[in-house]
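# Breakdown of the fold
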Amino acid sequence: MTIIFRASVDAQAGAYATGVLVLMTSAAVAVAMTAWRQEHRRVTFLSITVVFIYTSIANIFERPEGIKIASIFILSIVVMSLVSRALRSTELRVLGVEPDALATTFIDEAAHGEAVRIIANRPGTGMNR
């Protein structure tokens, strides 16, 4: 951050303020959405959310350096998530299957001397017949 903002404490403070305001605004929006179901609380939480949204927007226009740091954080999170997902997609999660005696009997009866293909399936998400 020191390099990005050229060691300017004021620029870093603006970025910090923007980050905190955006975080609080997103929390206010989440609470307002939850409280929307309760009619007697709608106005209260909606007005608090509007104040946070206005303050965040005003701060962004007054000190736009906060958007720079937020963009860097968002970009780094997205890139790291994609890298993590790509690495996880190549992991071998099961090294083998050890059927018990009953399963071995079913497999031997179903095989009739041919290969048996076993397909992994989560209960409740498979095909319903």
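### Examining the overall build of the protein
Looking only at helices and strands, the protein has 4 helices and 0 strands in total. Mapped in sequence order, the helices and strands of the protein form the string α-α-α-α. Relative to its 129 residues, the protein shows a buried fraction of 13%. Look at the contacts in the protein between residues 6 or more apart in sequence, and 63% of them connect residues 24 or more apart.

### Overview of helix H2 (residues 42-62)
Residues three or four positions apart in an α-helix share a direction because the helix packs 3.6 residues into each turn. Spanning 21 residues, H2 covers 30 Å between terminal C-alpha atoms, matching the ideal 30 Å at 1.5 Å per step. The complete set of buried residues in H2 reads Thr-49, Ser-56 and Asn-59. For H2, the arc enclosing every buried residue in end-on projection is 95°, short of the 170-degree limit, so these residues lie on one face. For H2, exposure combined with an orientation more than 90 degrees from the buried face picks out Val-43, Val-51, Tyr-54, Phe-61 and Glu-62.

### Considering the side chain of Ser-56
Counting through the fold element by element, Ser-56 comes out in helix H2. There is a polar contact of 3.4 Å between the side chain of Ser-56 and the backbone oxygen of Leu-21. When near neighbours in sequence (up to four residues on either side) are disregarded, Ser-56 contacts Leu-21, Val-22 and Thr-25.

### Some thoughts on the packing of aromatic side chains
Using the criterion set out here, one finds 0 aromatic pairs in the structure. The aromatic ring of Trp-36 is capped on one face by Arg-42, whose charged end is 4.5 Å from the ring centroid.

### A few points about a nonpolar patch on the surface
The grouping of Val-29, Met-33, Ile-53, Ile-57 and Phe-61 at the surface amounts to a nonpolar patch, some 500 Å² of accessible area in total. Of all the secondary-structure elements, those providing two or more residues to the nonpolar patch are helix H1 (9-35) and H2. With 3 residues, the top contributor of residues to the nonpolar patch is H2. By the secondary structure assignment, Phe-61 is in helix H2.

### Some remarks on the confidence of the model for the protein
Looking at the protein, pLDDT values average 81 and 84% of them are 70 or higher. Here H1 stands out as the least confident element of the protein, with mean pLDDT 84; H2 is the most confident, with 90.

### A short note on the side chain of Thr-18
Secondary-structure assignment places Thr-18 in helix H1. Within the structure, the side chain of Thr-18 is placed 3.0 Å from the side chain of Asn-59, a separation counted as a polar contact.

### A closer look at helix H4 (residues 101-111)
With 1 of 11 residues buried, H4 is to be regarded as a mostly surface element. Following H4 by one or two positions, His-112 has its phi on the positive side, about 50°.

Parameters and conventions
Residues numbered from 1 in each chain as written. Predicted model: local features only at pLDDT ≥ 70, side-chain atom pairs only at ≥ 80, totals over all residues. Heavy atoms only, no water. Helix = DSSP H or I, 4+ residues; strand = E, 2+ residues; numbered from the N terminus. Buried < 20%, exposed > 50% of the residue type's maximum accessible area, 1.4 Å probe, protein only. Contact = heavy atoms within 4.5 Å. Expected span 1.5 Å × (residues − 1). Arc of directions from axis to C-beta. Polar contact = N/O pair within 3.5 Å; in protein donor to acceptor, adjacent residues only side chain to side chain. Phe/Tyr/Trp six-rings, centres within 6.5 Å; stacked < 30°, edge-to-face > 60°. Lys NZ or Arg CZ within 6 Å of the ring centre and 35° of its normal. Patch = residues over 30% accessible without salt bridge, like charges linked within 9 Å, V, L, I, M, F, W, Y side chains within 5 Å. Areas by Shrake-Rupley, 256 points an atom, 1.4 Å probe, with all protein chains shown as cover. Salt bridge = Lys/Arg side-chain N within 4 Å of Asp/Glu carboxyl O. pLDDT = per-residue confidence, 0-100.

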